Amino acid sequence: MKKELVVSAIKNGTVIDHIPADKLFQVIRALDLNDCTEQILMGNNLTSHKLGKKGIIKCQDKFFQKEEINKIALITPHATLITIREYEVVEKIKIGIPDTIEGMVKCFNPKCITNNEVVTQKFTVINKEDVMLQCRYCQKITKKEMLTFL
Ligand code: CTP
Ligand code: ZN
């Protein structure tokens, strides 16, 4: 028997599942969902076998671009991205953090050239589990607590 969904099914769009409960609002902010005019359904502190408590976001008629997926990954490296078409799950991917990040994130070092001139940020991801980004220009490490998206 299929359990009733706590957050309703969507017809077409994207589900971001397995978001740690304390990261839900950070994901909403990073994706600018505030400005999205399509239907958005969400839930938080839902029971999850894997996480204990989880958050979920369902965006009707929205299919995220690579950069947006990378943002989600930086905030919540173990989220699942699910594509829905005509109510069916057509793709389910475990998102992951790439080896390098360009643009997208601010270097936390105020003296870094990227914060003072028109230079695109470039980082090497030196820790994917704990999220640490090393700036290719100033070599300083931006940790997950200091992540600021552009
Ligand atoms: N979903 C949805 N709308 C649909 C179909 C699925 O919102 N039309 C959501 C479900 O609520 C679920 C996710 O997409 O959160 C994945 O769906 P499914 O694979 O059917 O669920 P589960 O097998 O429970 O997935 P998992 O065990 O990975 O959580
Ligand atoms: Zn820098």
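As a reminder, the structure under discussion sits directly above these lines.
Not measured: the values here are computed from a predicted model. Every chain is numbered independently, its residues counted from 1 as its sequence is written. To read the labels, note that chains go from A and ligands from 1, taken in the order they are written. Local features are withheld for residues below a pLDDT of 70 in this predicted model, meaning they are given only at 70 or higher, and side-chain atom pairs are given and counted only at 80 or more; totals for whole chains, interfaces and linings count all residues. Side-chain measures were taken over the full set of non-hydrogen atoms in the model, leaving aside hydrogen atoms and water.

Quick look at the pairing of strand S3 (residues 52-60)
- Where burial is concerned, most of S3 is hidden: seven out of the nine residues are buried.
- In short, DSSP must find at least two bridges between two strands for them to pair. Strands here are runs of E lasting at least two residues and helices are runs of H or I lasting at least four, both read from the DSSP assignment and numbered beginning at the N terminus. In terms of strand pairing, strand S1 (residues 13-20) meets S3 through six bridges, oriented antiparallel. From the neighbouring strand, Val15 faces S3, where its bridge partner is Lys58.
- Pairing of strand S2 (residues 40-48) with S3, which is carried by seven bridges, proceeds in the antiparallel orientation. When the bridges of S3 are listed, Met42 appears paired with Ile57.
- Between S2 and the antiparallel strand that follows it, S3, lie three residues. Per-residue accessibility, obtained with a 1.4 Å probe over protein chains only, is compared with the maximum for each type, and a residue is labelled buried under 20%, exposed over 50%, and partly exposed between these values.

With respect to the sheet that holds strand S6 (residues 100-102)
- Pairing is antiparallel in the open sheet, where four strands are placed in the order S6-S7-S8-S9. Whereas interior strands pair on both sides, the edge strands pair on one side only; in this sheet they are S6 and strand S9 (141-143). The mean inter-strand angle of the sheet, taken between neighbouring strand axes irrespective of direction, is 30 degrees.
- With three bridges joining them, S6 and strand S7 (residues 122-127) adopt antiparallel strand pairing. When the bridges of S7 are listed, Thr100 appears paired with Thr124. Think of each axis as a best-fit line through the C-alpha atoms, taken over the contacting stretch in the case of a helix, with angles from 0 to 180 degrees between the N-to-C directions.

Observations regarding the coordination of the zinc ion (ligand 2)
- Every protein donor of the zinc ion (ligand 2) is accounted for by Cys107 (SG), Cys112 (SG), Cys135 (SG) and Cys138 (SG), and the metal-donor separations fall at 2.3 to 2.4 Å.
- A donor here means any N, O or S atom no more than 2.8 Å from the metal (3.2 Å for Na, K and Ca); water is not included, so a site may seem to lack partners. Donor angles set the geometry label: tetrahedral for four donors if every angle is between 85 and 135 degrees, square planar for four and octahedral for six if opposite donors exceed 155 degrees and the others are between 65 and 115, irregular for anything else. Geometry at the zinc ion (ligand 2) is tetrahedral, judged from its four donor atoms and the angles of 99 to 117 degrees they form at the metal.
- Coordination of the zinc ion (ligand 2) draws on donor residues from a single chain, spaced C-x4-C-x22-C-x2-C in sequence. On the criterion of sequence distance, the pair formed by Cys107 in the loop between S6 and S7 and Cys135 in strand S8 (residues 132-135) is long-range, its members being 28 residues apart.

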